[in-house]
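# A look at the structure
Here is what each chain is made of, one letter per residue.
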Amino acid sequence: MTYQRKKRLTTTQYVDGLLKGDKAILSRAITLAESKLDEDNQLAEDILENIMPYTGKSIRIGITGVPGVGKSTFIEIMGKHITESGFKLAVLAIDPTSQLSKGSIMGDKTRMEELSRDPRAYIRPSPTGDSLGGVSTKTRESMLLCEAAGYDVIFIETVGVGQSETAVKEMVDFFLLLLLAGAGDELQGIKKGIMELADALIITKADGSNKKEALLAKAMFKNTLHYFPQNPNGWLPKVITCSALFHDGIEEIWQMIMAFQSAMQKTGYLKENRSNQDIDWMWSTLRELLQKDFNQDPRITEELVKLSGQIKKHKIPPIAAAKKLFEIYQSKPNNQ
Ligand code: GDP
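Parameters at a glance
Residues numbered from 1 in each chain as written. Predicted model: local features only at pLDDT ≥ 70, side-chain atom pairs only at ≥ 80, totals over all residues. Heavy atoms only, no water. Helix = DSSP H or I, 4+ residues; strand = E, 2+ residues; numbered from the N terminus. Buried < 20%, exposed > 50% of the residue type's maximum accessible area, 1.4 Å probe, protein only. Contact = heavy atoms within 4.5 Å. Areas by Shrake-Rupley, 256 points an atom, 1.4 Å probe, with all protein chains shown as cover. Near = heavy atom within 4 Å. Polar contact = N/O pair within 3.5 Å; in protein donor to acceptor, adjacent residues only side chain to side chain. Nonpolar A, V, L, I, M, F, W, Y, C, P; charged D, E, K, R; others polar. pLDDT = per-residue confidence, 0-100. 1 Å grid on protein atoms, 1.4 Å probe; cavity = no way out; pocket = protein on both sides within 12 Å on 5 of 7 lines; lining within 4 Å. Points joined across faces, edges and corners; volume = space filled by probe spheres on them. Salt bridge = Lys/Arg side-chain N within 4 Å of Asp/Glu carboxyl O. Core = buried A, V, L, I, M, F, W, Y, C linked by side-chain atoms within 4.5 Å.

## Some thoughts on the overall build of the chain
Tallying secondary structure elements over the chain gives 13 helices and seven strands in all. In the chain, which comprises 336 residues, the share counted as buried stands at 45%. Contacts spanning at least 24 positions in sequence make up 77% of the contacts within the chain whose residues lie at least 6 apart. Of the roughly 18,500 Å² of accessible surface on the chain, a fraction of 56% belongs to carbon and sulfur atoms.

Have a look at this one:
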């Protein structure tokens, strides 16, 4: 059986569907943004240009933590709390496809079962595939598409083990790090750098026999946070214990996020941060475009092999080799 690709709609059809909050159209628009085909990407860009005035109204929240920390359970319970409060929630789950097994780290099990049936919620897993670089561009586009479709809260979920956290931090307003009590930092694979990104540390599974340990961990993490550099927005990261199973701490976390949002709106930081994020997005796109163009030049490829050989034999300093390659690139007829 051959796979029949769905026919592309027109830009107007996508835009109208999005603005009506049509989930099927939203999914198809995200697929265009994630596609490896240039025509699809171009269409996604056209759609984005049209929906820009309808974006930017959500609270953008990053959620990370190692597998097993309780992310999907937390998102399910927090998500229901948010939709029951009358908001629409979109969850974009960045699933790093395992390079070894080609399987997914987040698992094939049905995650967030109740939330996925909730008409006010939209859940979209996005495999990162081979490149982590793609995470930021595609997820940013998906986030904007969700905003145009009327979602008030966006969760961007990552497995807290890699570089994708930094990319996510650069596109959200608030960053939550989920931690387990009792497991050492190394055991959790949490790097100090990831902890520094967090606006709040959530100690999960604080129930039953685990509760005492969770409270001890809270005191310990609070202490650790004192040694971290101060946030430019003046926000002091919070440490909160939570049991998604018993719905404990859920309301407290939601209130904290709302308080953050309104404080940052008042100071103007929210707007300023988003503008800076957009400028960074432009730069990173520009870097990608330049790199691609550079890599595709056959004269560069040829010279690169030659110069790499010379570097290995210490016949040319790396800086001189780089400058030589750049000169060849600049002399490209279509660059003049
Ligand atoms: P993820 O891999 O980070 O998405 O973690 P899951 O949400 O799948 O949770 C991993 C395991 O921890 C599951 O067996 C959950 O039932 C359990 N779990 C999640 N949240 C809680 C909680 O609040 N309390 C307790 N006791 N167990 C929990």
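## Topic: the site of the ligand
Lining the immediate environment of the ligand, one finds 15 residues, of which Gly68, Lys71, Ser72, Thr73 and Asp207 sit closest. Residue alanine 244 places a main-chain N or O atom 2.9 Å away from an oxygen atom belonging to the ligand. Notes on the ligand: free accessible area 580 Å², of which the protein chains cover 71%. In terms of residue class, the shell around the ligand is built from five nonpolar, five polar and five charged.

## Quick notes on the environment of alanine 217
For alanine 217, the location among the structural elements is in helix H9 (residues 211-225). With 35 residues separating them along the chain, alanine 217 and glycine 182 place their C-alpha atoms 7.2 Å apart.

## Some remarks on the confidence of the model for the chain
Of the residues in the chain, 86% have a pLDDT of 70 or more, and the chain-wide mean is 87. Predicted confidence in the chain is weakest over helix H8 (residues 192-197), with a mean pLDDT of 80, and strongest over helix H1 (residues 11-19), with 97.

## Quick look at empty space enclosed by the protein
Over the atoms a probe the size of a water molecule is rolled, and this reveals where empty space is left. Under the criterion given, the structure shown has one cavity of 30 Å³ or more. Along the walls of the largest cavity sit Glu34, Leu92, Ala93, Ile94, Ser126, Lys138, Thr139 and Ser142, which together make up its complete lining. Of the residues that constitute the lining of the largest cavity, the class distribution is three nonpolar, three polar and two charged.

## As for the pattern of salt bridges
One pass over the structure, following the stated rule, counts nine salt bridges. Here arginine 274 ties to aspartate 173 by a salt bridge, and the two come within 2.7 Å at their closest N and O atoms. Residue arginine 274 is found in helix H11 (residues 269-295), and its partner aspartate 173 is found in the loop between helix H7 (164-169) and strand S5 (174-180); the two are separated by 101 residues along the sequence. On the basis of relative accessible area, aspartate 173 is assigned to the buried category, the value being 6%. In this structure, glutamate 303 and lysine 306 form a salt bridge, with 3.4 Å as the shortest nitrogen-oxygen distance.

## Considering the nonpolar core
In globular proteins that are soluble, nonpolar side chains generally tend to be buried together. Leu26, Ile47, Leu145, Cys146, Ile156 and Leu201 are the most contacted members of the largest nonpolar core, which has 48 residues in total. In terms of residues, this core owes the most to one element, helix H2 (residues 23-34), which gives six residues. If we ignore the near neighbours within four places in the chain, the residues touching leucine 26 are Leu18, Tyr122, Leu145, Cys146, Ala149 and Tyr151. With 35 residues, the next largest nonpolar core counts Phe74, Ile77, Ile82 and Ile202 among its residues.

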